[in-house]
Amino acid sequence: MAIKSFKSLKGLSKDELSAKARELREKLFGLKIEKATGQLQNTALVWKTRKELARVLSLSTEKAKATK
């Protein structure tokens, strides 16, 4: 999965952002398991996934505050 730019994530709805966050959490969990067992070749994927999850959560919080 390619890292999406912040602008492309801004176009997503709140439901799509929460689904994306759930998907990224699952991917991050899998990557952490692979890293712990020594199966992960590219350890930078953990860092990139964590950063993308932070972007999605930031946008989700921003949209929640905007609706109040």
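Residues numbered from 1 in each chain as written. Predicted model: local features only at pLDDT ≥ 70, side-chain atom pairs only at ≥ 80, totals over all residues. Heavy atoms only, no water.

So, the pattern of salt bridges
In step 1: Taken as a whole and assessed by the stated rule, the structure comprises 3 salt bridges.
In step 2: With its nearest N and O atoms 3.9 Å apart, the salt bridge here joins Lys 20 to Glu 23. Linking Lys 20 with Glu 23, this pair stays in helix 2 (residues 14-37), spanning 3 residues, or about one helical turn.
In step 3: Judged by relative accessible area, Lys 20 falls into the buried class, the value being 9%.
In step 4: Connected through shared salt-bridge partners, Lys 20, Glu 23 and Glu 52 make up one network. (Salt bridge = Lys/Arg side-chain N within 4 Å of Asp/Glu carboxyl O. Helix = DSSP H or I, 4+ residues; strand = E, 2+ residues; numbered from the N terminus. Buried < 20%, exposed > 50% of the residue type's maximum accessible area, 1.4 Å probe, protein only.)

Brief notes about the environment of Arg 25
In step 1: Locating Arg 25 in the fold gives a position in helix 2.
In step 2: Residues Arg 25 and Lys 48, spaced 23 residues apart in sequence, show a C-alpha to C-alpha distance of 12 Å.

With respect to helix 2
In step 1: For helix 2, which comprises 24 residues, the first-to-last C-alpha distance of 35 Å matches the rise-based estimate of 34 Å (1.5 Å per residue) to within 8%.
In step 2: Along helix 2, the residues classified as buried are Leu 17, Lys 20, Ala 21, Leu 24, Leu 28 and Leu 31.
In step 3: Those residues of helix 2 hidden inside the fold are in contact with helix 1 (6-10) and helix 3 (44-67).
In step 4: Once helix 2 finishes, Gly 38 follows within two positions and takes phi at roughly 85°, a positive value. (Expected span 1.5 Å × (residues − 1). Contact = heavy atoms within 4.5 Å.)

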